[in-house]
Amino acid sequence: MNRMKRNKSISQAGFTLIEIMVVVVIIGLLATLILPNVLGRQDQALQIKAKADIKAIGGQLALYKLDNFAYPSTSEGVQALVSNPGGKSNWRGYLDKKPMDPWQNEYQYLQPGQKNPTRFDLWSYGSDGAPGGEGTAKDIGNWDD
């Protein structure tokens, strides 16, 4: 009798093939409903990150101007926030390294700006890394504020 109980409990351990298949089908259905919504958000998240980066770099450029009485020239660019251009006495380290946009391209800088003539233009070319574009390839700049 003891032997029958042991064999019965061993044969009932684990899941049946049908139970496993039902779980796999349910996971597949959930994936088809959820993944399209999640995947479409990555491009939007990168655009939001670029806007936040531009705002943060703009804040550091404002501090640079307070310390040095002018924004960096176009030729000095954003690199002026990382290393002292021309040995300025009031320069402080504003950034640890030159920032790259979410698509690993350099942020573009123009001073005086064409869209912000009293300040500067700071922008990313977007996902395509080229001027212009639409959707995720649209340029993102400090004039969008």
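Thresholds applied
Residues numbered from 1 in each chain as written. Predicted model: local features only at pLDDT ≥ 70, side-chain atom pairs only at ≥ 80, totals over all residues. Heavy atoms only, no water. Helix = DSSP H or I, 4+ residues; strand = E, 2+ residues; numbered from the N terminus. Buried < 20%, exposed > 50% of the residue type's maximum accessible area, 1.4 Å probe, protein only. Contact = heavy atoms within 4.5 Å. Areas by Shrake-Rupley, 256 points an atom, 1.4 Å probe, with all protein chains shown as cover. Lys, Arg positive; Asp, Glu negative; His and termini not counted. Salt bridge = Lys/Arg side-chain N within 4 Å of Asp/Glu carboxyl O. Polar contact = N/O pair within 3.5 Å; in protein donor to acceptor, adjacent residues only side chain to side chain. Pairing = 2+ DSSP bridges. Axes fitted to C-alpha atoms, helices over the stretch in contact; angles between N-to-C directions.

1. Quick look at the overall build of the protein
- The number of helices and strands found in the protein is three helices and three strands.
- The secondary structure elements of the protein, listed N-terminal to C-terminal, are α-α-α-β-β-β.
- Among the 145 residues that make up the protein, the fraction classed as buried is 26%.
- The contacts of the protein with a sequence gap of at least 6 include a subset with a gap of at least 24, amounting to 40%.
- In the form shown here, the protein has an accessible surface area of approximately 10200 Å², with 59% of it arising from carbon and sulfur atoms.

2. As for the side chain of Asp 139
- With respect to the element layout, Asp 139 can be found in the loop between strand S2 (121-124) and strand S3 (140-141).
- For the buried Asp 139, no salt bridge is present, and the opposite-charge side chain at shortest range is Lys 115, 6.8 Å distant.
- Among the polar contacts made by the side chain of Asp 139, one reaches the main-chain amide nitrogen of Gly 132 at a distance of 2.9 Å.
- With residues up to four places along the chain from it excluded, the contact list for Asp 139 reads Ser 124, Tyr 125, Ala 130, Pro 131, Gly 132 and Asp 144.

3. Details of the pairing of S2
- Burial of S2 is two-sided: the residues Asp 121 and Trp 123 facing one way and the residues Leu 122 and Ser 124 facing the other way are all buried.
- Where strand S1 (residues 108-110) meets S2, three bridges bridge the pair, whose relative direction is antiparallel. The residue bridging Gln 108 from the neighbouring strand is Trp 123, located in S2.
- Direction of pairing for S2 relative to S3: antiparallel, over a ladder of two bridges. Across the sheet, residue Ser 124 finds its bridge partner in S3, namely Ile 140.

4. Points about the sheet that holds S3
- Reading across the sheet, the three strands line up as S1-S2-S3 and stay open at both edges, with antiparallel pairing between neighbours. At either end of the open sheet lies a strand with only one pairing partner, and these are S1 and S3.
- Seen against the sheet, helix H3 (residues 41-68) touches S1, S2 and S3 and runs at an angle of roughly 155 degrees to S2.

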